[in-house]
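Survey of secondary and tertiary structure
What follows is each chain in one-letter form.
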Amino acid sequence: ATGDIVVIQDADLEYDPAELPALIRPIEKNQADVVFGSRFTGGGAHRVVYYWHMLGNKLLTTLSNMMTNLNLTDMECCYKLFRREVLEQISIAEDRFGVEPELTAKVSKLNVRIYEVGISYHGRTYGEGKKIGWRDGLRAVYTILKYRLCR
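What this report covers is the structure whose coordinates are included nearby. (Residues numbered from 1 in each chain as written. Predicted model: local features only at pLDDT ≥ 70, side-chain atom pairs only at ≥ 80, totals over all residues. Heavy atoms only, no water.)

**Digging into the pattern of salt bridges**
What counts, and what does not: A carboxyl oxygen of Asp or Glu within 4 Å of a side-chain nitrogen of Lys or Arg is what we treat as a salt bridge. Helix numbering and strand numbering both begin at the N terminus, where a helix is a DSSP run of H or I of at least 4 residues and a strand a DSSP run of E of at least 2. Only protein chains enter the accessibility calculation, which uses a 1.4 Å probe; a residue whose area is less than 20% of its type maximum is buried, one above 50% is exposed, and one in between is partly exposed.
Inspection of every chain in the model, using the stated rule, returns ten salt bridges. One salt bridge in this structure joins Arg113 and Asp33, with 3.1 Å as the shortest N-O distance. Taken together, the residues span a long stretch of sequence, with Arg113 in the loop between α4 (99-108) and β4 (114-118) and Asp33 in the loop between α1 (20-28) and β2 (34-38) at a distance of 80 residues. Ionic pairing is found between Asp74 and Arg39, a salt bridge with its closest N-O pair at 2.7 Å. Here Asp74 is found in the loop between α2 (51-68) and β3 (80-83), whereas its partner Arg39 is found in the loop between β2 and α2, with 35 residues between them in sequence. Judged by relative accessible area, Asp74 falls into the buried class, the value being 0%. Looking at Arg39, the relative accessible area reads 12%, which means it is buried.

**Points about the state of the cysteines**
Inclusion rule: Only a pair of cysteine sulfur atoms within 2.5 Å counts as a disulfide in this structure description.
A complete count under the given rule lists zero disulfides for this structure. Cys78 provides the cysteine sulfur closest to Cys77, a residue in no disulfide bond, and the two sulfurs are 6.5 Å apart. For Cys77, a relative accessible area of 0% puts it in the buried group. The exposure class assigned to Cys78 is buried, which follows from its relative accessible area of 5%.

**Some thoughts on the packing of α2 against helix α5 (residues 134-149)**
For any two helices packed against each other, the geometry comes down to the angle between their axes and how far apart the axes lie. Here is the rule: Axis definition: a line fitted to C-alpha atoms, over the contacting stretch in the case of helices. Angles run 0 to 180 degrees between N-to-C directions. Convention used here: angles under 35 degrees read as roughly parallel, angles over 145 as roughly antiparallel, angles from 65 to 115 as roughly perpendicular, and any remaining angle as oblique. Contact definition: two residues touch when any of their heavy atoms are within 4.5 Å. Residues were grouped as follows: Ala, Val, Leu, Ile, Met, Phe, Trp, Tyr, Cys and Pro as nonpolar; Asp, Glu, Lys and Arg as charged; and all remaining residues, including Gly, as polar.
At a minimum axis distance of 10 Å, the contact between α2 and α5 shows a crossing angle of 5 degrees. On the basis of the axis angle, α2 is roughly parallel to α5. Counting all contacts with α2, which are made through Leu60, Leu63, Ser64 and Met67, the residues of α5 involved are Gly137, Ala140, Val141, Ile144, Leu145 and Arg148. In terms of residue class, the contact of α2 with α5 is built from seven nonpolar, two polar and one charged.

**Describing the sheet that holds strand β1 (residues 5-8)**
Rules: Strand pairing is defined by DSSP finding a minimum of two bridges between the two strands.
The strand order across the open sheet built from four strands is β1-β3-β2-β4, with neighbouring strands paired in mixed fashion. Where the open sheet ends on each side, the last strands, each with one partner, are β1 and β4. Adjacent strand axes in the sheet meet at a mean angle of 20 degrees, parallel and antiparallel pairs treated alike. Sheet topology places β2 next to β4; five bridges connect them, and they run parallel. Looking at the pairing, Val35 lines up with Tyr115 of β4. The strands touched by α4 are β1, β2, β3 and β4; relative to β3, the strand with the most contacts, the crossing angle is about 35 degrees.

By themselves, these observations are geometric and do not establish any function.
Structure representation (structure tokens):
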């Protein structure tokens, strides 16, 4: 990446790229170094899909918060923005859904300002192509513990 800000966004458009200016704003105002999107703190429309996914997300976010001493509301949100120089300090090892807790754990160890911005969410059903499953949740637990206890 060569720009000043690096954005991670899923390609499935569950998150609306038109909301990027709101997510970039805390970095532009020099208030934040990292911005997480949150499906649970307001924002625009929120498609109601799976209760158990939401509960699993809250449990994973809580475990992550306990291990990192952050108070995020949506660690698994795939909208994450970084000042490029922050992201350059992180070596990413995980793939699939393990990258979310890995990035969160590694960012929490840096001396950076982290913000959260409410976003809309246009979730998909499995019939529409959703891929995450319970095995990904187990991997996230493993990843949260791995980067807290072993790194």
